Amino acid sequence: MSGVLRRGSLSFDLNKGRGTSEANLYGGYRETKPAPGTPEISVIALDFRRYSDDLKKVVAAPAPCATGEPPQDPTRHNPPTDLSQDVDSDVISNFLGHYTRWSFLWTFLLCLFQLPTTFHLFMFVFQLTRGEASPMLQPRLPRDVEELDQLQTTLLERLFGQMRRWQAQWCCLLSIFQAICTFHIFIYVFQTAPKDFWCAQPANLQQMNLSEWRNLSQTADGCLLLDVDYTQLILEDGKLTNWPANASDLGYRQCQDFEFSGNEALTLVQEFELVCGRDILSLVETCFLVGAAAGAVLSGWISDRFGRRHTLMAFVTIQSVFGGILAFSTSVAMFMSLRVIIGFASMTVTVVSFVLVVELVSGKWRTIIGILNILPVAITYVLASGLAYLIRDWRILQLVISWPWLIMLSIWFWLPESPRWLLAQGRLDELCGLIERAAKTNGTSGTLPHNYRKTLEAAVPRAVQPQPEANSEEVMGASGSPSAVQLDTQRSGHVNPLLVVFGAKYWRTTCLTLIIWLTLIIIYFGLTLHLSNLGGNIYINNAVAGTIEAVSICTSILVVLKAGIRRSLIGYMLLPGICCLATNLVTSQTGVIALATIAKCLIGANNAIIPTYTAMQYPTIVRNFGVGMGNLASGIGLILVPFLWHLERIDALLPLNVMGVCGLIGAVAICLMKDVN
């Protein structure tokens, strides 16, 4: 296709038709001035001569044959050598031809002009991967930040060691904080233990047999009382007189006072009569879990801002003080409000203590210590069951699990800060002091290099390094834009963690992490906090489940070291799901409790492994935020757990079936995750 670029005017002179020689020559386009009074438009026209009908030659139609047969196309078998006879030709092609050697040469050369343009358009894609991309496109970590992270890890491992005496003693001490939090989370199970209740007997009928009173005066659920004037009734020699003859025709009214079985144990349900229309236990439990969800999300930001050490001890103080105040609650509203605060503090202590422990060690010990840090959780289940059995008053029990832990504040001064956090903040004086104390405890003071501080200074991020004074011309370019030095400093600063975890590299990992944590928490806390719903002795069931879970956590260390962390998680997620679904095949209540207990112990091992596995999926600069995303999903799961057990009103095993499906979904999600070393 050939074209000619012309400048002139578009004529609207109708006196000359399109069939004139002048019109055919210019295709209706005139370079000369039109006659006066003729409207015109000044244009630049691209005349595609080959496709202009005005320039095509008209081929005369062949005459019909005398025999009446249809005329034959003369060009059908013998194509014309004269292009003027070709219906697809125009004036230009009549001289140059359709496609000759000359046309091929220039077509090839003109195609080469497409290459520079394509280079400029497409090379931008590769230029993005070399540095910091626009947040609107693909947020990636700068290469120097990743190298800096690796340098920090190597230096701290050489100075502290992977696992020595100093790390071991602090890891053991920090694991106690997991027990403190578990007491506050789990003791609610015994404070709201279900008890049998009925409408209270009037004062004049206190000597009446309890079974006879319940059968005669109220409904089976103990919530409605027969609408009779009980003050007129008289009980003489065990016989009731003045009982109305038409009592069966009378209606029922709501009970105002209740009596409970087992007066030796005072529970929250009994004291505030949270039964029948006032049964708001799910809402009371949700208050604590909402606070825990908020703490799971915000704990990472708080500890990154103020440090692991001060955040941990501050919230331990809040947890213990408000836990003691909770024992003096005068109303359900006060109890619920305080539980929100305790939930926030408990989850913050749980997350921060785990992060601090993991950042004190390195190498394979991260996995081992990360799992052992959760071991006190299972042990606390056994201790809480024993304490609740011995102390039946919920207020005294609350005081016992709260105020004694204030003694942990005595280690605030000696508690070490995270070496990684100190190095990331550029606080080298504190870090060097910490290194000296650790080396003294480990007996490695003589092996420390004399110039290790200089080495640490090279690993401090530029964003927290003291910047030398520079004149305005060095900081700002001549045009007023930031100079290369300033831009380099900005690139070495903090990255937006939200853009990283949901960036092109980590969005899949983050979405799968949310699914895994959500399904895990639904199963784990669904069984932990509501194992009593399945029947049996609440104290024995939880003590046995805690013991087996502790053994399962210890065994999981060997399983992880042999089979790998990802395969272990798949097994510890799939087997609990199968156990929950298998309850449909068991007819006895004992079998259902046994399968639920096995599922709880297996999912407990998963709960001990998953924080370490999640932390390994992200680089150091967004590791806390990545684990926080998992905790966000766990917070949602915690809120859903109380309402999950409302499904047992439809079918007794429906909550376990939902947990079984969650186990299968979680196992598939882990299969799609990448493996880590």
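Our structure's up above, just so we're on the same page.
Reference entry: report on the structure contained in this document. In this text the structure is predicted, and so the values were computed from the model without any measurement. (Residues numbered from 1 in each chain as written. Predicted model: local features only at pLDDT ≥ 70, side-chain atom pairs only at ≥ 80, totals over all residues. Heavy atoms only, no water.)

A word on helix H13 (residues 332-360). Between the first and last C-alpha of H13 there are 42 Å, a value that for 29 residues agrees with the 42 Å anticipated at 1.5 Å per step. Among the 29 residues in H13, 24 count as buried, and that is most of the element. (Helix = DSSP H or I, 4+ residues; strand = E, 2+ residues; numbered from the N terminus. Expected span 1.5 Å × (residues − 1). Buried < 20%, exposed > 50% of the residue type's maximum accessible area, 1.4 Å probe, protein only.)

Together, Trp-102, Leu-105, Trp-106, Phe-108, Leu-109, Leu-110, Leu-112, Phe-113, Leu-115 and Phe-119 make up an exposed nonpolar region whose accessible area comes to about 1,100 Å². Put simply, the parts of the chain that give the nonpolar patch at least two residues each are helix H3 (101-111) and helix H4 (114-128). Take Trp-102: it is sitting in helix H3. (Patch = residues over 30% accessible without salt bridge, like charges linked within 9 Å, V, L, I, M, F, W, Y side chains within 5 Å. Areas by Shrake-Rupley, 256 points an atom, 1.4 Å probe, with all protein chains shown as cover. Salt bridge = Lys/Arg side-chain N within 4 Å of Asp/Glu carboxyl O.)

For the rest of this paragraph, the subject is the environment of Thr-311. Along the chain, the position of Thr-311 falls in helix H12 (residues 308-326). In sequence terms Thr-311 and Ser-299 are twelve residues apart; their C-alpha atoms lie 8.4 Å from each other. Not counting chain neighbours up to four residues away, the residues in contact with Thr-311 comprise Ile-302, Ser-303, Phe-306, Thr-348 and Val-352. A distance of 2.7 Å separates a polar atom in the side chain of Thr-311 from the backbone oxygen of Gly-307. (Contact = heavy atoms within 4.5 Å. Polar contact = N/O pair within 3.5 Å; in protein donor to acceptor, adjacent residues only side chain to side chain.)

With that settled, consider the state of the cysteines. Applying the stated criterion across every chain, the model contains two disulfides. One disulfide bridge connects Cys-199 with Cys-255, the sulfur atoms lying 1.5 Å from each other. Residues Cys-199 and Cys-255 are joined through a disulfide that is right-handed, its torsion about the S-S bond being 65 degrees. Residue Cys-199 is found in strand E3 (residues 197-199), and its partner Cys-255 is found in the loop between strand E7 (252-254) and strand E8 (258-260); the two are separated by 56 residues along the sequence. For the pair shown, Cys-199 and Cys-255 are each scored as buried. Here Cys-223 pairs with Cys-276 through a disulfide, and the sulfurs are 1.9 Å apart. Taking the sign of the torsion about the S-S bond as the criterion, the disulfide between Cys-223 and Cys-276, at about -90 degrees, is left-handed. Placement of the pair is Cys-223 in the loop between helix H9 (210-217) and strand E4 (224-226) and Cys-276 in the loop between helix H10 (268-272) and helix H11 (281-306), with a sequence separation of 53 residues. Exposure remark for Cys-276: the relative accessible area of 21% places this residue in the partly exposed category. With cysteine numbering restricted to those in disulfides and following the sequence, the chain has the pairing 1-3, 2-4. (Disulfide = S-S within 2.5 Å.)

Here we take up the packing of helix H14 (residues 365-372) against helix H24 (residues 538-563). Axis separation between H14 and H24 bottoms out at 9 Å; the angle between their running directions is 160 degrees. Classified by the angle between their axes, H14 and H24 sit roughly antiparallel to one another. The chirality of how H14 crosses H24 is right-handed. On H24, the residues that touch Thr-367, Ile-368, Ile-371 and Leu-372 of H14 are Ile-553, Ser-556, Ile-557, Val-560 and Leu-561. Of the residues assigned to the contact of H14 with H24, the class counts are seven nonpolar, two polar and no charged. (Axes fitted to C-alpha atoms, helices over the stretch in contact; angles between N-to-C directions. Parallel < 35°, antiparallel > 145°, perpendicular 65-115°, else oblique. Left-handed = near helix turned anticlockwise from the far one by under 90°. Nonpolar A, V, L, I, M, F, W, Y, C, P; charged D, E, K, R; others polar.)

A positive phi angle, near 50 degrees, is found at Glu-273, a position not held by glycine. Inspection of the secondary structure puts Glu-273 in the loop between H10 and H11.

Moving on to the packing of aromatic side chains. Overall, the coordinates contain 13 aromatic pairs when judged by the stated rule. A centroid spacing of 4.6 Å and a plane angle of 55 degrees characterise the contact between Phe-186 and Tyr-381, whose relative ring orientation is tilted. Residue Phe-186 is found in helix H7 (residues 176-186), and its partner Tyr-381 is found in helix H15 (residues 375-390); the two are separated by 195 residues along the sequence. Owing to a relative accessible area of 1%, Phe-186 belongs among the buried residues under this scheme. Assessed through its relative accessible area of 3%, Tyr-381 is described here as buried. Three or more aromatic residues joined by ring pairs make a cluster, and in this case those are Phe-186, Phe-190, Tyr-381, Tyr-389 and Tyr-539. A cation sits over an aromatic face here: Arg-305 above Phe-306, 5.1 Å from the ring centre. Seen from the ring of Tyr-389, Arg-392 lies directly overhead, with NZ or CZ sitting 4.8 Å from the centre. (Phe/Tyr/Trp six-rings, centres within 6.5 Å; stacked < 30°, edge-to-face > 60°. Lys NZ or Arg CZ within 6 Å of the ring centre and 35° of its normal.)

As for its placement among the helices and strands, Arg-366 is situated in helix H14. Although Arg-366 is buried, it forms no salt bridge, and the closest oppositely charged side chain is Glu-359 at an N-O distance of 6.8 Å. Every residue in contact with Arg-366, bar those within four places of it in the chain, is listed here: Val-358, Val-361, Arg-420, Thr-612 and Arg-623. (Lys, Arg positive; Asp, Glu negative; His and termini not counted.)

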